[in-house]
Amino acid sequence: MAKIMAVNAGSSSLKFKLYEMPSEEVITSGIAERIGHDDAIFTIKYQNEKDTKILPIKNHSVAVDLLLKALIEKEIVKDIHEIKALGHRIVQGGKYFSQSVIVNEDVVNKVRSLIPLAPLHNEAHLIGYQAFKDALPESLNVFTFDTAFHQTMAEEDYLFPIPYELSIKYDCRRYGAHGTSHKYLAHEGQKYLKKGSLNRIISCHIGSGASLSAIKNEKCLATSMGLTPLGGVMMGTRTGDLDPSVMDYLCRMENKSVSEMYQIFNKQSGFLGVSGVSNDSRDIIDAVNQGNPRAIIADKLFIRRILDYIGQYYVRLGGVDLIIFSAGIGENASYYRQKICEALKDSLSVIIDNNKNEEMIRGKEGLISTNESKVQVAVIPTDEEIMIARDTYAYFANKNIE
Ligand code: AMP
């Protein structure tokens, strides 16, 4: 038995979940938010209790100290050295990492070299890692990469049709994202495959960020996000795929720089930009019900982009046995699941049970397709932290990781 901490450090936040492994019991979890502010928020959940404090948290080191002190004060651990290993989520692993790795100097340097590909994330992950390393120098550290699962893609699935020299010189290619989630979903999804199926899965991780993956025998063949998480389907505030000339045309027409327009594509597009209402799917659904014309078109565009990828991946996989819905919208918005599945009825003979679909919300898992449906459809709440904890524990226990 060993206590393993899964860590997700953002630029101004630090999320944590402490597990007893290998039983996978969650001992405590929480988050420090607004790091760098005088009114930062520290929340820790333990034994059905939630403790929230508002206080200054100058930097990630202060957040880590606060967390470790809270673990002792609340008698969650007797000694912080009970935390044998830490698993850190890393958004961008580039071409270097196709699985989780034990952290050493070379790994840190590679993650640092990838900062231009994920400026907001990789730098923050390294700051979080360093803060824990300073506080717990004897613990093992493991990095788990969002991109690792997608490293099995073939060249024709990850290359962009730009001059080849540029692809190679700058490693400019599709890396995808949400890989830890897609891997988890494909693994959990195995129990919903019919006997004798060809194990072809389309996983739909649809939250404020969204991506779809085509997965065969638990290996990723294709994924919708690209060089960065801006590509693929339409999202809360992100465009998803665009004709590249949109950038040049709008910059000229609006007299804006590429980086200003890039911000607009990242932060002011998607549900928010098209509807003018909100980036939150719940507000979009409400506005659709009130007849708001821009919300109606945002809603249709969102569904269309997802259907386009499902169609693409149906062909890529040579058929599909299981479609999985996950993340904020996929796990909770029965409205979108119903609309997407309804649109797949004629082409893929997908039939869902409307009652099951309505019931499958807030963390519930199960099939929503009927026995007659040619394709199984499941809702599976994703769990990236457990994947991080499993890989970290595997290294700690000296086992091979999957
Ligand atoms: P995530 O990024 O995975 O946390 O997902 C956030 C998205 O999930 C937001 O667009 C939320 O509106 C959406 N979401 C969460 N709960 C619901 C719900 N009950 N109905 C519709 N959308 C939801």
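Everything that follows concerns the structure shown earlier in this document.
Residues numbered from 1 in each chain as written. Predicted model: local features only at pLDDT ≥ 70, side-chain atom pairs only at ≥ 80, totals over all residues. Heavy atoms only, no water.

**What about the pairing of strand 5 (residues 49–55)?**
Where strand 4 (residues 40–46) and strand 5 come together, 7 bridges link them in antiparallel fashion. Bridge assignment links Thr 43 to a residue of strand 5, and that residue is Thr 52. Counting the residues between successive antiparallel strands, the hairpin from strand 4 to strand 5 contains 2 residues, one of them, Gln 47, with a positive phi of roughly 45°. (Pairing = 2+ DSSP bridges. Helix = DSSP H or I, 4+ residues; strand = E, 2+ residues; numbered from the N terminus.)

**Examining unusual backbone geometry**
Note: most peptide bonds trans; most residues except glycine with negative phi. Omega for the peptide link from Met 21 to Pro 22 comes to 10°, which places this bond in the cis form. Here Pro 22 shows up in the loop between strand 2 (14–21) and strand 3 (25–33). Phi is positive for Asp 171, close to 50°, though the residue is something other than glycine. Summarising the element assignment, Asp 171 is placed in the loop between helix 5 (164–170) and helix 6 (179–189). Located in the positive-phi region is Glu 218, a residue other than glycine, with phi close to 65°.

**Some details on the site of the ligand**
Residues in close proximity to the ligand include Gly 207, Ser 208, Asn 279, Asp 280, Ser 281, Arg 282, Ala 327, Gly 328, Ile 329, Asn 332 and Ala 333, which together make up its full environment. With respect to the ligand, the backbone of Gly 328 contributes an N or O atom lying 2.9 Å from an oxygen atom. In the complex, the protein chains occlude 69% of the 500 Å² of accessible area that the ligand would expose alone. Of all the secondary-structure elements, those providing two or more residues to the shell around the ligand are helix 10 (281–289) and helix 12 (327–332). Broken down by element, the shell around the ligand gets its largest block of residues, 4 residues, from helix 12. Split into classes, the residues belonging to the shell around the ligand amount to 3 nonpolar, 6 polar and 2 charged. (Near = heavy atom within 4 Å. Polar contact = N/O pair within 3.5 Å; in protein donor to acceptor, adjacent residues only side chain to side chain. Areas by Shrake-Rupley, 256 points an atom, 1.4 Å probe, with all protein chains shown as cover. Nonpolar A, V, L, I, M, F, W, Y, C, P; charged D, E, K, R; others polar.)

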